[in-house]
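The primary structure of each chain is shown beneath.
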Amino acid sequence: MYSSAERAYLEVKERILSGGLSGGELISEGEVAGELGMSRTPVREAFLRLETEGWMKLYPKRGALVTPVPPHETEHVAQARYVVETAAVRTLASADRTVLIAELEASLARQRELAESADLERFAVVDTDFHRAYVVAAGNPLLTGFYDSLRERQRRMNSVALHRRSIDIERIIAQHERLTRLIEAGDADGFATTLADHFSGVHELELRGL
């Protein structure tokens with residue numbers, strides 16, 4: 001069982017990561033406490049923890065401001081992911097990829113189901129897990145640990161992108177399919193090029209130097 005403070009923390013953080021609370025939005029202890037059926041004290045503890053982690057900024061007697069995604073963070077995270085993901089796929093080019101391909105195929109099927117039901121929040125999570133699968137398969141725990149440190153920022157980025165009206169989920173799935181086929185073929189160079197195009201299209205950025 002979670003404590004009230006832990007429950008408040010997890011609930012508010014989930015809303016931030018899923019895009020339910022957008023950057024720049026001001027929320028109060030009272031409204032969150034009311035929604036969760038608890039006193040303000042555990043919510044205040046949760047807000048302090050979220051401020052320490054950089055997800056919000058507290059203003060006494062006014063409330064808590066959800067921290068917007070910092071300038072250039074999307075580009076920085078995408079560049080870091082690009083380095084890790086391409087390195088992982090180069091390692092996998094000389095390994096048995098049978099189990100990994102089956103895992104990626106299962107993920108693609110799940111992505112299609114979520115796209116059909118327009119479940120954007122769950123799609124963002126599955127999207128994140130799709131990319132993580134081949135990083136883990138490369139078998140380098142240091143790279144996996146670094147990649148996982150980006151996970152929450154990555155998920156928030158995906159949620160923001162998916163909530164834009166212009167986003168094309170079918171195109172994302174098609175690109176994931178293409179990445180899967182390139183991994184299956186052991187084509188690390190083709191994967192690197194397609195991944196850069198994928199990041200540029202989804203997050204509307206240009207990855208400099210890639």
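How each quantity is defined
In this numbering scheme, every chain counts its residues from 1 along its sequence in written order. In keeping with the model being predicted, local features are shown solely for residues with a pLDDT of at least 70 and side-chain atom pairs are shown and tallied solely at 80 or more, while totals for entire chains, interfaces and linings include all residues. For side-chain calculations, the full set of non-hydrogen atoms in the structure is used, while hydrogens and water are omitted. A carboxyl oxygen of Asp or Glu within 4 Å of a side-chain nitrogen of Lys or Arg is what we treat as a salt bridge. For the purposes of this entry, the term helix denotes a DSSP run of H or I that reaches at least four residues, the term strand denotes a run of E that reaches at least two, and both are numbered from the N terminus. Remark: exposure states derive from per-residue accessible area (1.4 Å probe, protein chains only) relative to the maximum for the residue type, with buried under 20%, exposed over 50%, and partly exposed in between. UniProt positions are given in the numbering used here, feature names are shortened, and annotations may be inferred rather than shown by experiment. The criterion for strand pairing is that DSSP finds at least two bridges linking the strands in question. In this analysis, axes come from line fits to C-alpha atoms, helices being fitted only over the stretch in contact, and the angle between any two N-to-C directions falls in the range 0 to 180 degrees. Throughout this description, any angle smaller than 35 degrees is read as roughly parallel, any larger than 145 degrees as roughly antiparallel, any in the 65 to 115 degree range as roughly perpendicular, and the remainder as oblique. Take the far helix as your reference; a near helix turned counterclockwise from it by less than a right angle gives a left-handed crossing, and one turned clockwise gives a right-handed crossing. In what follows, a contact means two residues having at least one pair of non-hydrogen atoms within 4.5 Å.

A few points about the pattern of salt bridges
Under the counting rule described, the total for this entry stands at 18 salt bridges. With its nearest N and O atoms 2.9 Å apart, the salt bridge here joins Lys13 to Glu152. Of this pair, Lys13 sits in helix H1 (residues 4-18) while Glu152 sits in helix H8 (residues 151-162); the two residues are 139 residues apart in sequence, bridging distant segments of the chain. For Lys13, a relative accessible area of 8% puts it in the buried group. Its relative accessible area of 33% is what places Glu152 among the partly exposed residues. The salt bridge partner of Asp129 is Arg151, with a shortest N-O separation of 2.6 Å.

A closer look at the UniProt feature "domain: HTH gntR-type" (unreviewed entry) in the protein
The feature "domain: HTH gntR-type" (unreviewed entry), as annotated in UniProt, sits at residues 2-69 in this numbering. Counted over residues 2-69, helix gives 53% and strand 15%. Its end C-alpha atoms are 28 Å apart.

Some details on the sheet that holds strand S1 (residues 26-27)
One open sheet holds the 3 strands; their spatial order is S1-S3-S2, and the pairing between them is antiparallel. A single partner strand is all that each edge strand has here, and the edge strands are S1 and strand S2 (56-59). Sheet topology note: the S1/strand S3 (residues 63-66) ladder contains 2 bridges and is antiparallel. Note that in S3 the partner of Leu26 across the bridge is Leu65.

What to know about the packing of helix H4 (residues 73-92) against helix H6 (residues 120-137)
Interhelical geometry of H4 versus H6 gives an angle of 50° and a closest axis separation of 8 Å. Considering their axes alone, H4 and H6 lie oblique with respect to each other. The handedness of the crossing between H4 and H6 comes out as left-handed. Of H6, the residues touching H4 (which contributes Arg81, Val84, Glu85, Ala88, Val89 and Leu92) are His131, Tyr134, Val135 and Ala137.

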